[in-house]
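# Descriptive analysis of the structure
Take a look at the letters that make up each chain.
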Amino acid sequence: MFKKVPFTIKETEYCPECGSELVIRNGTHGPFSACSSYPSCHYLRPLKAQNDGYVVKELDGKICPKCGFTLVLRQGRYGMFISCSQYPECGHTELIDKPDDISISCPQCQKGKLLQRKSRFGKTFHSCNRYPECQFTLNNKPISGECMFCHYPLLIEKRTSQGVKLICASKLCSKQQFHEIESKNE
């Protein structure tokens, strides 16, 4: 089956590295132009223009700390972010959703701290900052405290239809903490 290319090349282009003819290929990130003498020559060039995100809104009154120009809100490849209006010449960027500062030590390695992170699907989780040496992760919010049944040094906050409950973070125990909930509500 023949695939149509959304644009045509009027004249034959030649590879700037070896002089062979360039051909159009299709990859996971879209169409690209590549050297016909591959694998001896590895030249390639994307056919779509690479864009560093378009400006959604200019943030009035916000100044770039590096160069002094105004800051703008951009939509990029990985979502919304704040950057200098002179981006990418000025490399200043800021995150919109800054992670919560949690200073709870990792119960698995006892050396690292738990950090709030986002998965590639946008879900929030908590993991040890010593990854990949320590691969401890939690899907619920960690709470510092000790389990009253197994004495595990970490609890998690679990939201249910009955309300917020504190549960032991150990997968072997996972018991609800009764005394902790009563003292938190008072």
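Residues numbered from 1 in each chain as written. Predicted model: local features only at pLDDT ≥ 70, side-chain atom pairs only at ≥ 80, totals over all residues. Heavy atoms only, no water.

- For the protein, the name recorded in an unreviewed UniProt entry is Putative DNA topoisomerase, with Xenorhabdus koppenhoeferi as its organism.

### Details of the overall build of the protein
- Looking only at helices and strands, the protein features 1 helix and 13 strands.
- For the protein, the sequential pattern of α-helices and β-strands runs β-β-β-β-β-β-β-β-β-β-β-β-β-α.
- Looking at the 186 residues of the protein, the share that counts as buried comes to 28%.
- Counting only carbon and sulfur atoms, one obtains 50% of the accessible surface of the protein, whose full area is about 14,000 Å². (Helix = DSSP H or I, 4+ residues; strand = E, 2+ residues; numbered from the N terminus. Buried < 20%, exposed > 50% of the residue type's maximum accessible area, 1.4 Å probe, protein only. Areas by Shrake-Rupley, 256 points an atom, 1.4 Å probe, with all protein chains shown as cover.)

### Observations regarding the environment of P46
- As for its placement among the helices and strands, P46 is situated in strand β3 (residues 44–46).
- With 22 residues separating them in the primary sequence, P46 and I24 have C-alpha atoms 9.6 Å apart.

### Digging into the side chain of E157
- Turning to its location among the elements, E157 is positioned in strand β12 (residues 154–160).
- Engagement of the side chain of E157 in a polar contact is seen with the side chain of R159, the distance being 3.2 Å.
- In this structure E157 touches N140, K141, I143, V164, K165 and L166, once residues within four positions along its chain are discounted. (Polar contact = N/O pair within 3.5 Å; in protein donor to acceptor, adjacent residues only side chain to side chain. Contact = heavy atoms within 4.5 Å.)

### Describing the packing of aromatic side chains
- Summed over the entire model, instances satisfying the criterion amount to 1 aromatic pair.
- Between the aromatic rings of F81 and Y87, the centroid separation amounts to 5.8 Å while the plane-to-plane angle is 70°, which identifies the pairing as edge-to-face.
- Classification of Y87 by relative accessible area gives partly exposed; the value is 23%. (Phe/Tyr/Trp six-rings, centres within 6.5 Å; stacked < 30°, edge-to-face > 60°.)

### Section: unusual backbone geometry
- For the bond from Y38 to P39, the omega torsion is 15°, close enough to zero to count as cis.
- Within the secondary structure layout, P39 lies in the loop between β2 (30–35) and β3.
- Cis geometry is found at the peptide bond from Y131 to P132, where omega equals 15°.
- Positioned with a positive phi, S174 is a non-glycine residue whose angle comes to about 50°.
- You can see S174 is positioned in the loop between β13 (163–168) and α1 (178–185).
- Judged by its relative accessible area of 43%, S174 is partly exposed.

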